[in-house]
Amino acid sequence: MTDAGVAAPPFTLLISAMHLPLGTYSPDVILGFVSASRNCFPRALSQERSARILEAAAREGIALVVPRGEAAVIETKSHAGDAARQLKAAGADAVVFYLGNFSPEIEDAVFLKEFDGPAMVLAAAEERGDTLLHQRGDALCGLLSAALAIERRGLSAKIHYPEAPVVDLAGAIREIAHFRRIMKVVKGARHATLGLFGPRPRDFETCHYHLAAVHSLGMEVEELGLFDLENEVAKIKKHGGAPETAREMARAVTGVPDDAEFVGRLSAYEKALLNFRERLRLSGAASQCWSEQEFALRHVPCFINSRLAEQGFPIACENDVYSLIAELLAQYASDQAVSILDINHTIPADLHPSLKGAPLHDMVGMFHCGNTTRKRLKNPAMKHQVIMKRVMEPEGAPDITRGTLEGQISASPITLIQVQDVGNRLRAYLAEGRFLDLDPKTFGCTGTAHLPGFRRFYRHVILGRFHHHAAVAFAHCGAILYDALRLLGVEEIHAPLPSNIPYPRENVFRSETFSAATRGDA
């Protein structure tokens, strides 16, 4: 344990702080590949099986770094140490460790201990019935020994075992591709730096953060004040503003006011954020947003947030650090721009004729003021923040509440993710679904989502554990995120349960799913 009482990361990655170029959504990863063979089994069996995997991976565009010489197939402790040293020297972020036959469990564990990075462990399935007499590898059995040797040495936290770890050739390629995507999330998280422009708005107490919990993922934090942002904006304006950015903004979407002074406010703010990004090598940021920022900088930040998210630099509003973390994880997993949205409102049955008979209890209106990239919206347009105007500018035309990005969120597969602290650690939830092609008939950047099992999940998981925001990836990447969270040391991960499985403390006597069965009616 560290001095702060936070469990130390179970592994290290062999790079310093990472700073992705704008327009890049996830880091590149270098995967090593090592096989193993027990001395009473044919070494050639592991060599041949490994060669087929390497050839197939290359055809799929997956480059794998293999140790040179005898260390490519580990049989001895000397091989194990040599393989680990070579992979470290090659800058491997993680390794695929493949049991081509039964494998030597002691040497397996020694290699994984010496490598000191994440590893996926696979074992070879038998290929054909006519080879079982002379070329049987027994890796199904060998994996049991290897896994126990790994556990006894305290190495299990850095090991990824697939749901089906004993694989044929096609299965091996599928799992290697999956592991590469997991490692994008792990590498991104372990080397992210978050810029926080506080303070947290008074009316959003639940958008707090606990530094030890943030650090438990390996992320670093640069805590700044809203005044730092104000000072940077003032400097930019003093030196002529950001006219090129202003000209580009005016063409970006409809509704941008024909008001050079106002667009100048927006462009100076965007340049200020990008200056901090470069200066502090930030991966993402969270800004105050409600309501001091509007009075100080005289605009809402939504349009700027959407523009930067589109470039791979997500910005969470309301200084919501946990949603920023979730956005970054979702971005690394989906390798595309993400958003932050409120789990906001229920869907009326008369919203659209197509909803007749639809599972409205598993649908939710998701809303925010405009963090979503314009590319995900139908008819995106700049407008003003309706709710803020009621409080800040109740009379007259909007001014400082201008700068939202509004529109219907387009139909798309989605994955929701959120994290929240529990002591010095984080818990998380994941849910997959879809945005429907339905007019939300309301203001804001809004979409109608169908999330199977949402009603029960909301009641028995989200309520009382997580706050109102969720990060949204516009792809199904729950499987990637789940495995990445496990490797990052997150132990409590929630997902919607199948309809026939009750949640802990769910009152089955009141559940539509279970009540008939509990009465003996079914």
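Definitions and limits used
Residues numbered from 1 in each chain as written. Predicted model: local features only at pLDDT ≥ 70, side-chain atom pairs only at ≥ 80, totals over all residues. Heavy atoms only, no water. Helix = DSSP H or I, 4+ residues; strand = E, 2+ residues; numbered from the N terminus. Rg over C-alpha atoms; globule rule 2.2 N^0.38 Å. Buried < 20%, exposed > 50% of the residue type's maximum accessible area, 1.4 Å probe, protein only. Contact = heavy atoms within 4.5 Å. Areas by Shrake-Rupley, 256 points an atom, 1.4 Å probe, with all protein chains shown as cover. Pairing = 2+ DSSP bridges. Axes fitted to C-alpha atoms, helices over the stretch in contact; angles between N-to-C directions. Left-handed = near helix turned anticlockwise from the far one by under 90°. Nonpolar A, V, L, I, M, F, W, Y, C, P; charged D, E, K, R; others polar. Core = buried A, V, L, I, M, F, W, Y, C linked by side-chain atoms within 4.5 Å. Polar contact = N/O pair within 3.5 Å; in protein donor to acceptor, adjacent residues only side chain to side chain. Expected span 1.5 Å × (residues − 1). Arc of directions from axis to C-beta.

A count of helical and extended segments in the protein gives 16 helices and 20 strands. In terms of C-alpha radius of gyration, the protein reaches 26 Å, essentially the compact-globule figure of 24 Å for 522 residues. Its C-alpha atoms give the protein principal-axis dimensions of about 85 × 70 × 45 Å. Taken over 522 residues, the protein has a buried fraction of 56%. Here the contacts in the protein between residues at least 6 apart in sequence split such that 79% fall between residues at least 24 apart. Total accessible area computed for the protein in this model is approximately 22400 Å², and 52% of it derives from carbon and sulfur atoms.

Turning our attention to the sheet that holds strand S11 (residues 315-316). The 4 strands are arranged S9-S8-S10-S11 in an open sheet whose pairing can be described as parallel. Looking at strand neighbours, the two that pair on one side only are strand S9 (220-225) and S11, the edges of this open sheet. Packed on one face of the sheet, helix H7 (residues 226-238) meets strand S8 (193-198) and S9 and runs near 70° to S9.

For the rest of this paragraph, the subject is unusual backbone geometry. Positive phi, normally seen in glycine, also occurs at Arg-298, with a value near 70°. Its location among the elements puts Arg-298 in the loop between helix H10 (292-297) and helix H11 (302-310). Arg-298 gets classed as partly exposed once you look at its relative accessible area, which sits at 38%. Its identity as a non-glycine residue notwithstanding, Lys-441 has a phi of 55°, on the positive side.

Take the packing of helix H8 (residues 243-252) against helix H9 (residues 260-280) next. Angle between the axes and distance between the axes: these two values describe a pair of packed helices. Their axes nearest at 9 Å, the elements H8 and H9 cross at an angle of 115°. Classified by chirality, the crossing of H9 by H8 is right-handed. From H8, Thr-245, Ala-246 and Met-249 reach across to H9, where they touch Val-263, Leu-266, Ser-267 and Glu-270. Classifying every residue of the contact of H8 with H9 by side-chain character gives 4 nonpolar, 2 polar and 1 charged.

Counting residues in each nonpolar core, the largest one holds 88 residues, and the members touching the most others are Phe-111, Leu-194 and Ile-325. The greatest single-element share of this core, amounting to 10 residues, is contributed by helix H12 (residues 321-334). Residues in contact with Ile-325, not counting those within four places in the same chain, are Leu-194, Val-214, Leu-217, Met-219 and Val-419. One finds Val-233, Leu-416, Ala-431 and Tyr-503 within the second-largest nonpolar core, a separate group that totals 51 residues.

As a further point, take the pairing of strand S15 (residues 402-409). Remember that side chains alternate between the two faces of the sheet whenever the strand is regular. In terms of burial, S15 is largely enclosed, as 8 of its 8 residues are buried. Direction of pairing for strand S14 (residues 377-384) relative to S15: antiparallel, over a ladder of 6 bridges. Looking at S15, one finds that Lys-383 is bridged to Thr-404. Two elements, S15 and strand S18 (residues 445-450), share 2 bridges in a ladder whose sense is parallel. Bridge pairing links Gln-408 to Thr-446 in S18.

Let us now look at the environment of His-476. Position of His-476 among the secondary structure elements: in the loop between strand S19 (469-473) and helix H15 (478-487). Separated by 452 residues in the primary sequence, His-476 and Thr-24 place their C-alpha atoms 19 Å from one another. Beyond its immediate chain neighbours, meaning those up to four positions away, His-476 contacts Pro-413, Ile-414, Thr-415, Glu-432 and Gly-433. A distance of 2.8 Å separates a polar atom in the side chain of His-476 from the backbone oxygen of Gly-433.

To continue, consider H7. Over its 13 residues, H7 runs 18 Å from end to end, which matches the ideal 18 Å to within 8%, given 1.5 Å per residue. Every buried residue of H7 is accounted for by Leu-226, Leu-229, Glu-232, Val-233 and Ile-236. Seen from one end, H7 has its buried residues packed into an arc of 125°, which puts them on one side. Exposed residues pointing more than 90 degrees away from the buried face of H7 are listed as Phe-227 and Lys-238. Packing partners of the buried residues in H7 comprise S8, S9, H9 and H10. Directly after H7, the chain includes Gly-240, whose backbone phi takes a positive value near 100°.

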